Amino acid sequence: MYSYPNLIPLSKKSILEIQKAVSKKNFYAMYGAFGKYILRDAKQALNDSMNRCLEILKIVCRLIMMVAFRYCLEKTYDNIRYTFMSPFICR
């Protein structure tokens, strides 16, 4: 069974801190659990993975902002419509 905490995405700050710390190290291979090994160009693979994570994080943040903005617009529109239309509807 996989570890569920490993599925929780890291923050941008955490990713950048890891990237900074790892950039100072020289390594060619990475060894993981269940036979998941990177035997060559591991540093490049890790950098590619971190860059991919940062891009995904950027896209997700944009989507969240778009949804939040739309939700706020709809709520504002509903409040304005209710405020101005309620006297006419309630007659």
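Residues numbered from 1 in each chain as written. Predicted model: local features only at pLDDT ≥ 70, side-chain atom pairs only at ≥ 80, totals over all residues. Heavy atoms only, no water.

J.: Describe the overall build of the protein, listing the residues and the values that go with them.
T.: Secondary structure assignment for the protein yields 2 helices and 2 strands. Counted from the first residue to the last, the protein has its helices and strands arranged as α-β-β-α. Within the protein, contacts between residues at least 6 apart in sequence are counted, and of these 40% link residues at least 24 apart. Within the structure as shown, the protein displays about 8,500 Å² of accessible surface, and the carbon and sulfur contribution to it stands at 65%. (Helix = DSSP H or I, 4+ residues; strand = E, 2+ residues; numbered from the N terminus. Contact = heavy atoms within 4.5 Å. Areas by Shrake-Rupley, 256 points an atom, 1.4 Å probe, with all protein chains shown as cover.)

J.: Tell me what's going on with the nonpolar core, and back it up with residues and numbers.
T.: Grouped together as the largest cluster of nonpolar side chains are 7 residues: Ile15, Val22, Phe27, Ala42, Leu46, Met50 and Leu54. Taken together, the elements giving at least two residues each to this core come down to helix H1 (12–23) and helix H2 (42–89). (Core = buried A, V, L, I, M, F, W, Y, C linked by side-chain atoms within 4.5 Å. Buried < 20%, exposed > 50% of the residue type's maximum accessible area, 1.4 Å probe, protein only.)

J.: Before we move on, can you summarise unusual backbone geometry with the specific residues and values?
T.: Located in the positive-phi region is aspartate 41, a residue other than glycine, with phi close to 55°. Summarising the element assignment, aspartate 41 is placed in the loop between strand E2 (37–38) and H2. Taking relative accessible area as the criterion, aspartate 41 reaches 54% and is therefore assigned exposed.

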